[in-house]
Amino acid sequence: MALRHYTLDFKLSTAVDSATTVPHLLSIFHEQEMTETVHETNGHGYLGTFVGKNGRLAILRVHSHGLVTVDLQCYEEDNIAQLDNLLNALETKLKMILNGNITRIKRLPALVRGAEVDRYWPTTDDRLLEYDMDQLVYEEDSPYQNIKILHSQQYGNVLILDDDINLAESDLAYTQAIMGNGRESYAGKEVLILGGGDGGILFEMVKQKPKMITIVHIDQKVIDACKKYMRRTCGNILDSLEGDCYQILVEDCVPVLRKYVQEGKTFDYVINDLTAIPISTEPEEDSTWDFLRLILDLSIKVLHPSGKYFTQGNAQTMTEALRLYEEQLKKLSCPVGFSKEVVCVPSYLEQWVFYSVWKK
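What you see is a predicted model; the values in this text were computed from it and never measured. (Residues numbered from 1 in each chain as written. Predicted model: local features only at pLDDT ≥ 70, side-chain atom pairs only at ≥ 80, totals over all residues. Heavy atoms only, no water.)

**Topic: the side chain of Asp219**
Defined as follows: The helix count covers DSSP runs of H or I at least four residues long, the strand count covers runs of E at least two residues long, and both are numbered beginning at the N terminus. Accessibility here uses a 1.4 Å probe with only protein chains present; expressed as a share of the type maximum, an area under 20% marks a residue as buried, one over 50% as exposed, and anything in between as partly exposed. Positive residues here are Lys and Arg, negative ones are Asp and Glu, while His and the chain termini are left out of the count. Any Lys or Arg side-chain nitrogen found within 4 Å of a carboxyl oxygen on Asp or Glu counts as a salt bridge. In this analysis, two residues are considered to be in contact whenever any of their non-hydrogen atoms come within 4.5 Å of each other.
Residue placement: Asp219 occurs in the loop between β14 (212-216) and α5 (220-229). No salt bridge forms around the buried Asp219; measuring N to O, its nearest opposite-charge neighbour Lys221 is 7.0 Å away. Ignoring any residue separated from it by four or fewer positions in sequence, one finds Asp219 in contact with Ser142, Tyr144, Gln145, Ile147 and Val250.

**Some thoughts on the nonpolar core**
The following threshold applies: Side-chain atoms within 4.5 Å are what join buried Ala, Val, Leu, Ile, Met, Phe, Trp, Tyr and Cys residues into a set we call a nonpolar core.
Counting residues in hydrophobic clusters, the biggest one holds 83 residues, and the most contacted among them are Leu192, Ile213, Ile271, Tyr309 and Tyr325. Per-element accounting of this core gives the leading share, six residues, to helix α8 (residues 287-301). If near-sequence neighbours (up to four positions away) are discounted, Tyr309 is found in contact with Val270, Asn272, Ile295, Leu296, Ser299, Ile300, Leu303, Tyr325, Tyr355, Ser356 and Val357. Counting residues in hydrophobic clusters, the runner-up holds 26 residues, among them Phe50, Val70, Cys74 and Leu98.

**Points about the sheet that holds strand β9 (residues 133-141)**
In plain terms, the rule: Strands are labelled as partners when DSSP assigns at least two bridges between them. Simply put, an axis is a line fit to the C-alpha atoms, just over the touching stretch for a helix, and the angle between two N-to-C directions goes from 0 to 180 degrees.
Strands sit in the order β9-β10-β11-β12 across an open sheet of four strands; the sheet is antiparallel. One side of each edge strand has no neighbouring strand; the edge strands of this open sheet are β9 and β12 (164-168). Taking each pair of neighbouring strands and ignoring which way they run, the sheet shows an average axis angle of 25 degrees. α5 rests against β9, β10 (146-152) and β11 (156-161) of the sheet, and its axis sits at about 145 degrees to β9.

**Let's talk about the packing of helix α7 (residues 253-263) against α8**
This is how the line gets drawn: Angles are sorted into four bins: roughly parallel if under 35 degrees, roughly antiparallel if over 145, roughly perpendicular if 65 to 115, and oblique for all others. Crossing handedness is read from the near helix: turned anticlockwise from the far helix by less than a right angle, it gives a left-handed crossing, and turned clockwise, a right-handed one.
Two elements in contact, α7 and α8, have axes whose closest approach is 9 Å; the angle formed by their N-to-C orientations is 30 degrees. Judged on the interaxial angle alone, α8 and α7 are roughly parallel. Crossing of α7 against α8: the hand is left-handed. Contact with α7, carried on its side by Cys253, Val254, Leu257, Arg258 and Val261, involves Phe291, Leu294, Ile295, Leu298, Ser299 and Lys301 of α8 and no other residues of that element.

**Some details on empty space enclosed by the protein**
Operational definition: Only protein atoms enter the calculation, which uses a 1 Å grid: trapped sets of points that fit a 1.4 Å probe without letting it out are cavities, open sets showing protein on both sides within 12 Å along at least five of seven lines are pockets, and any residue with an atom within 4 Å of a point is a lining residue. Grid points are joined across faces, edges and corners, and a volume is the space filled by probe spheres set on the points.
Taken as a whole, this structure holds one cavity of 30 Å³ or more when the rule is applied. Lining the largest cavity, in full, are Asn272, Leu274, Thr275, Ala276, Ile277, Phe291, Leu292, Ile295, Tyr309, Thr311, Gln312 and Tyr325. If you list the elements that add at least two residues to the lining of the largest cavity, you get α8 and β18 (303-315).

**Side note on the layout of surface pockets**
Where we set the bar: Each residue is assigned to one class: nonpolar for Ala, Val, Leu, Ile, Met, Phe, Trp, Tyr, Cys and Pro, charged for Asp, Glu, Lys and Arg, and polar for all the others, Gly among them.
Roughly 1,200 Å³ of internal volume is contained in the largest pocket. When contributions to the lining of the largest pocket are tallied by element, the ones reaching two or more residues are β7 (120-122), β11, β12, α8, β18 and β20 (350-359). With four residues, the top contributor of residues to the lining of the largest pocket is β12. Each residue belonging to the lining of the largest pocket can be placed in one class, and the counts come to 22 nonpolar, twelve polar and ten charged.

**Some points on the pairing of strand β2 (residues 35-39)**
Summarising the sheet, β2 and strand β3 (residues 46-51) pair through five bridges and their orientation is antiparallel. Residue His39 lies in a different strand from β3, and its bridge partner there is Leu47. Linking β2 back to β3 in an antiparallel pair, the connection comprises six residues, with Asn42 at a positive phi of about 55 degrees.

**As for the UniProt feature "active site" (unreviewed entry) in the protein**
Just so we agree on the cut-off: UniProt positions are given in the numbering used here, feature names are shortened, and annotations may be inferred rather than shown by experiment. Here a polar contact means two N or O atoms within 3.5 Å. Within protein one must be a hydrogen donor candidate and the other an acceptor candidate, and residues neighboring in sequence count only if both atoms are side-chain atoms.
UniProt marks Asp273 with the feature "active site" (unreviewed entry), using the numbering shown here. Counting through the fold element by element, Asp273 comes out in strand β17 (residues 267-273). On the basis of relative accessible area, Asp273 is assigned to the buried category, the value being 12%. A distance of 2.5 Å separates the side chain of Asp273 from the side chain of Tyr174, its partner in a polar contact.

**Comments concerning α7**
Worth spelling out the cut-off: The directions considered for the arc are those from the helix axis to the C-beta atoms.
Where α7 is concerned, the buried positions are Cys253, Val254, Val256, Leu257 and Tyr260. One side of α7 carries all its buried residues, which in axial view fall inside an arc of 165 degrees. Along α7, exposed side chains directed more than 90 degrees from the buried face belong to Gln262 and Glu263. Where the residues of α7 are buried, they touch β13 (190-195), β14, β16 (246-249), β17 and α8. Between the side-chain oxygen at the start of α7 and the backbone nitrogen of Val254 there is a gap of 3.0 Å, and the oxygen is on Asp252.

**Section: the sheet that holds β18**
One open sheet accounts for eight strands, arranged β15-β16-β14-β13-β17-β18-β20-β19; its pairing is mixed. With one partner strand each, in any of the chains shown, β15 (242-243) and β19 (336-345) form the two edges of the open sheet. As paired strands, β13 and β14 are joined by five bridges and run parallel to one another. Along β14, the bridge assignment pairs Leu192 with Thr214. Lying on the sheet, α7 is in contact with β13, β14, β16 and β17; it crosses β13 at an angle near 150 degrees.

**Focus: the packing of aromatic side chains**
The following threshold applies: Aromatic rings from Phe, Tyr and Trp, with only the six-membered ring used for Trp, were paired whenever their centres fell within 6.5 Å, and each pair was classed as stacked if the ring planes differed by under 30 degrees, edge-to-face if by over 60, and tilted otherwise.
Within this structure, the stated rule accounts for eleven aromatic pairs. An angle of 55 degrees between the planes, with centres 5.9 Å apart, marks the rings of Phe338 and Tyr355 as tilted. Of this pair, Phe338 sits in strand β19 while Tyr355 sits in strand β20; the two residues are 17 residues apart in sequence, bridging distant segments of the chain. Among the aromatic residues, ring-to-ring pairing joins Tyr174, Tyr348, Trp352 and Phe354 into one connected group.

**Remarks on helix α1 (residues 23-31)**
For α1, the full list of buried residues reads Leu25, Leu26, Ile28 and Phe29. Within α1, the buried residues cover an arc of 160 degrees as seen down the axis, which keeps them to one side. Residues of α1 that are buried in the fold lie against β2, β3, β4 (57-62) and α2 (80-97).

This is the structure we're talking about:
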């Protein structure tokens, strides 16, 4: 049973005495048959909880530094009209009591906690986003990760791996960016894609008639899920692991890359769609950075001298992580140049950085 959590905040120019504020509000709670309990705050203003029928709980705080807050919790099946009336009455009364002392009033939509479909996902810099997810389309644990596909009214089906939003059916901008945003011609070229199990890059790239695309993706369950539930992204390209100009290897990419290095095999393009740059700013202590450095080094070794390496970075706000990644580029086995581009990926709700790397 989901819980709805409402908030109402009054920011004040000066602090108020709870003795002149709270008594005017008590009748509103009593009309809703809510019982008051006052709690000790050790000099930090007034804190009262009000418990009512159907599991309703209200928390009223008159803070000692010029802030009045109301939190109201109820179950999703409760009478929403009654709760709106309660909040409206509290807001109206507080406007009267605090007239002339209010600098800002903020009333947010209800936070729904414990719902069957999770709608809240953090940005890379820990801001909370609420999506319009309305259905769990698919969920399964593979040997490598938890795989979810949720449906969004705006973004279509959304692939989520280990609770990290990877790609939505709306996110053609991501696929185009990691392919060079139309500046590259893949016709007749040899291309290696690391990851890419959603099929989005492959689906777009075969339209350009490359010589051969090799995808190396470790998780068959991701491929199977996207083949069935992400058709707007991958079309029918994942229906077969082989086609006229592509092959999908369901393997760990590290041994495959090492084999290609040993064989002296090179590619005109290497596209790394495995993972974003780690947010951690301790590259010497984070195993994800070790993996990233290994993939970078092996990828550059199999890159044709005139080829290009494309990858996602991270959110534009992750300036330190991006700086550290650029430092790693300077430590590769051969010198490289790079450029970066910032792209708006619809479902990410963040500006996202993509890199192009080439041998000098």
